[in-house]
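Here's the letter readout for the chains.
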Amino acid sequence: MKLIQVTTKGVVAVSPRRTLRQAASLMDEEGVGSLLVQEGERVVGLITERDVLRALATGADPDEALVEEYMTTDPVFGDPEMEVEEAAMIMAEGGFRHLPVASGGEVVGMVSVRDLLPLLSWREKREKGGEG
């Protein structure tokens, strides 16, 4: 199965100069666990709920600390045409749970471990001869 088939279309983006509270609020409003960080049209990073949690655990003030201080810079991107297993391996090896998906330099969506696990689990059961 191709990655584009499980990718959440579109992404929610935030400015690197927004506060952690603003980023967390946007994630909550949109029901997502990560935000693309953009300056204009240029992707400069990715911030996740884990990044926000880590920042707070180290004493960051959510109303003062900025996204750019805690975001992942230079995130890895998935290709819409890659197989879901390849995307899962990239995420596992990189130790991250969210993978922006880009085609021709344009981000077309986001995939999370939550999107991939049911597919990989179902495929494994099917290959072992179980129900699926």
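Structural data are supplied above this passage.
Residues numbered from 1 in each chain as written. Predicted model: local features only at pLDDT ≥ 70, side-chain atom pairs only at ≥ 80, totals over all residues. Heavy atoms only, no water.

Right, let's get into the overall build of the protein. Secondary structure assignment for the protein yields five helices and seven strands. The secondary structure elements of the protein, listed N-terminal to C-terminal, are β-β-α-β-β-α-α-β-α-β-β-α. Looking at the protein residue by residue over its 132 residues, the buried ones come to 36%. Long-range pairs, those at least 24 residues apart, make up 56% of the contacts in the protein between residues at least 6 apart in sequence. Summing over all exposed atoms, the protein offers an accessible surface of approximately 7,800 Å²; the carbon and sulfur share of this is 49%. (Helix = DSSP H or I, 4+ residues; strand = E, 2+ residues; numbered from the N terminus. Buried < 20%, exposed > 50% of the residue type's maximum accessible area, 1.4 Å probe, protein only. Contact = heavy atoms within 4.5 Å. Areas by Shrake-Rupley, 256 points an atom, 1.4 Å probe, with all protein chains shown as cover.)

Ranked by internal contacts, the top residues of the largest apolar core, which has 15 residues, are Val 14, Leu 20, Leu 35, Val 37, Ile 47, Val 67 and Met 71. Put simply, the parts of the chain that give this core at least two residues each are α1 (20-30), β3 (34-39), β4 (42-48) and α2 (49-57). Ranked by the residues each element gives to this core, the list is headed by α1, at three residues. When sequence neighbours within four positions are dropped, the list of residues in contact with Val 14 reads Leu 26, Leu 35, Leu 36, Val 37, Gln 38, Ile 47 and Val 67. (Core = buried A, V, L, I, M, F, W, Y, C linked by side-chain atoms within 4.5 Å.)

Read across the sheet, four strands follow the order β2-β3-β4-β5 without closing on themselves; strand pairing throughout is mixed. Of all strands in the sheet, those bounded by a partner on one side alone are β2 (13-14) and β5 (72-73). Contacts between α1 and the sheet are confined to β2, β3 and β4, with β3 contributing the most and set at about 125° to the helix. Relative to β4, α2 is tilted by about 65°, and along the sheet it contacts β4 and β5. (Pairing = 2+ DSSP bridges. Axes fitted to C-alpha atoms, helices over the stretch in contact; angles between N-to-C directions.)

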